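Geometric and topological summary
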Amino acid sequence: MTTKADFVAEISAWVSGLALLVSGFSAFFSWQAGRTAARALSITEDQEKRRQPQLGIYLVINGFRRRVPNRQLFGFIVSLSNPTDIDNSVARAELKIVYAMEGGFTAVFRIQHNSTLEANVGAKTKRGASVLYLPLRIDAHQTISGWFLFALDDDVLVA
């Protein structure tokens, strides 16, 4: 026959074992919750990266250079892509020309895109692409392609 002290010792052993079992389950579920939270944070961070403005600009063809009276025309077909989850736009396009001067100096000249030069681009040169007019809206996950046209006056190069 068991005594009252043995019965109390047996119950306290069961309670301790049960407390150990519950704390083990708690540790397991908290570990799983931590993994789930880390995965959710990773997904949220990836979504936030896709909401940051970003444009990809690719040169589709080499373009052309044409002499007209008192200036040179430059044209490039470009592809503009928006890989993000938000709409974006292009407000400005520039052609950057870097040239060397006497004495080892270099100079930088920037020319703005001029869509009014479209009349100077022949149908053969256009190759089915249209001239891009700025500002240009590019929706999320969209790609737009077309011509950027620039004119460089001859008096800029003669100094």
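1. So, the nonpolar core
Core analysis: the biggest nonpolar cluster contains 14 residues, and Leu 80, Leu 95, Ile 111, Leu 132, Leu 136, Phe 148 and Phe 150 have the highest contact counts within it. Counting residues per element, the ones that place at least two in this core are strand 3 (71-82), strand 5 (94-100), strand 7 (136-138) and strand 8 (142-153). Not counting the four nearest positions on each side in its chain, Leu 95 is found in contact with Phe 74, Phe 76, Phe 109, Arg 110, Ile 111 and Phe 150. Counting residues in hydrophobic clusters, the runner-up holds 11 residues, among them Val 68, Leu 73, Val 121 and Ala 129.

2. Things to note about the confidence of the model for the protein
Low pLDDT marks regions whose predicted coordinates should not be analysed in detail. Residues of the protein with pLDDT of at least 70 account for 89%, and the chain-wide mean is 85. Element-level mean pLDDT values for the protein span from 54 in helix 2 (residues 123-126) up to 93 in strand 7.

3. Focus: the pattern of salt bridges
Opposite charge on two side chains permits pairing when their charged atoms draw close. Counted according to the given criterion, the structure contains five salt bridges. Where Arg 110 meets Glu 94, a salt bridge forms, and the shortest distance between an N and an O atom there is 3.4 Å. Linking Arg 110 in strand 6 (residues 106-112) with Glu 94 in strand 5, this pair joins segments that are 16 residues apart in sequence. On the basis of relative accessibility, which here comes to 47%, the residue Arg 110 falls in the partly exposed class. Close ionic contact of Arg 137 with Asp 139 constitutes a salt bridge, the shortest N to O distance being 2.6 Å. Under the relative-accessibility criterion, Arg 137 is labelled exposed at 56%. According to the relative accessible area criterion, Asp 139 is partly exposed, its value standing at 32%. Through salt bridges with shared partners, a single ionic network connects Asp 87, Arg 137 and Asp 139.

Each value, and the rule that gives it
All residue numbers here refer to positions counted from 1 along the written sequence of the relevant chain. Confidence filtering applies because this is a predicted model: local features only for residues at pLDDT of at least 70, side-chain atom pairs given and counted only at 80 or more, and all residues used for totals across whole chains, interfaces and linings. Remark: hydrogens and water are excluded; side-chain values derive from all non-hydrogen atoms of the structure. By nonpolar core we mean a set of buried residues, namely Ala, Val, Leu, Ile, Met, Phe, Trp, Tyr and Cys, connected to one another through side-chain atoms within 4.5 Å. Whether a residue is buried, partly exposed or exposed follows from its accessible area with a 1.4 Å probe, protein chains only, as a fraction of its type maximum: under 20%, in between, or over 50%, in that order. Counting from the N terminus, the helices are the DSSP runs of H or I reaching at least four residues and the strands are the DSSP runs of E reaching at least two. Here a residue-residue contact requires only that any non-hydrogen atoms of the pair lie within 4.5 Å. As a per-residue measure, pLDDT reflects the predictor's confidence and takes values from 0 up to 100. We count a salt bridge whenever a side-chain nitrogen from Lys or Arg sits within 4 Å of a carboxyl oxygen from Asp or Glu.

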